[in-house]
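# Structure assessment
Residue-level listing of the chains:
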Amino acid sequence: MKQTPSPARAVTKAVIPAAGLGTRFLPATKATPKEMLPVVDKPAIQYVVEEAAAAGLSDILMITGRNKRPLEDHFDRNFELEQALLAKGDHERLARVQESSSLASLHYVRQGDPRGLGHAVLCAAPHVGDQPFAVLLGDDLIDPRDPLLSRMVEVQGREGGSVVALMEVEPSQIHLYGCAAVRGTADSDVVKVTGLVEKPDPGDAPSNYAVIGRYVLDPAVFGVLRQTGPGRGGEIQLTDALQKLATDEETGGTVHGVVFKGRRYDTGDRGDYLRAIVQLACEREDLGPQFLAWLSRHVAETAPTGMA
């Protein structure tokens, strides 16, 4: 059944899927959610919530699963800790502890069966209703100096439909991502998406534009997801639903892409996670100078002969 595309409405809600098992980080994630692994001195999930809040999204729903209670605890008040810090006069740490509980209004729902990203997004339908909404994946940390999500919300407000974030990657790496077929627009950083393929073989990829973990979606996507069967990996793929929207505009409007050329930190595997920590630590005013000096000495001392 065809659905009428939603009229332009302000985007105020964000959905953060956080039900994954984090198997690539075992045994660290045996009892600790991967979203709570620290990136310097904040859990990865806090960077994502901060990004949503900075883009004006004040209502955030996390899609969780078993053993994810620490996520709720982190964004809740901890009166005992706050009182202890207040008694010590440690106002700096007190402010940092209280910050996470005042970023936005957070809600939680369990995904239950781990049936893929598309299913996780579908779990948000009762909360989102008929409003456009953002989806932020926790493995991609976007530098706050490069406001990708704000730009995506702006494009969605102007064009309607749905908006995905795209990055150009080496053709040999496109099989790791959803891939978009695109057509240019009047804006240099905006393209119209004409098709999407989930993790294509490099020879079959329509472009080297990879879909990264930010979306602003028309609520029509829920109706499409309900009709979407398991795809690659036996899971319900959000990419498959977006492919339907991109090729049938009467279903839920157009799909556009914002081409991102800013700073992105990938925490999806161990090597990239470590590189993200080093990059962010080096740029911190309170940590960077001393850490970078030590890192330079360490590289010089440990690099193989001729590579220092």
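Above this text sits the structure in question.
Helices and strands together make up the secondary structure of the protein chain, namely 12 helices and 13 strands. Relative to the compact-globule value of 19 Å for 308 residues, the protein chain shows a C-alpha radius of gyration of 20 Å, a close match. Expressed as lengths along the three principal axes of its C-alpha atoms, the size of the protein chain is roughly 60 × 55 × 40 Å. Residues classed as buried in the protein chain amount to 46% of the 308 residues present.

With respect to the helices, strands and loops of the structure, Q46 is situated in helix α1 (residues 44-54). Those residues within four positions of Q46 in sequence are excluded, and the remaining contacts are H74, F75, E99, S100 and L103.

This brings us to the pairing of strand β12 (residues 255-259). With 5 of 5 residues buried, β12 is to be regarded as a mostly interior element. Both faces of β12 are covered, namely the face carrying V255, G257 and V259 and the face carrying H256 and V258. As paired elements, strand β8 (residues 162-168) and β12 share 5 bridges and run parallel to each other. Among the inter-strand pairings, A165 is bridged to a residue of β12, identified as V258. Note that strand β10 (residues 190-198) and β12 share 3 bridges and pair antiparallel. Bridge pairing in β12 places V191 opposite G257.

Rules used throughout
Residues numbered from 1 in each chain as written. Predicted model: local features only at pLDDT ≥ 70, side-chain atom pairs only at ≥ 80, totals over all residues. Heavy atoms only, no water. Helix = DSSP H or I, 4+ residues; strand = E, 2+ residues; numbered from the N terminus. Rg over C-alpha atoms; globule rule 2.2 N^0.38 Å. Buried < 20%, exposed > 50% of the residue type's maximum accessible area, 1.4 Å probe, protein only. Contact = heavy atoms within 4.5 Å. Pairing = 2+ DSSP bridges.

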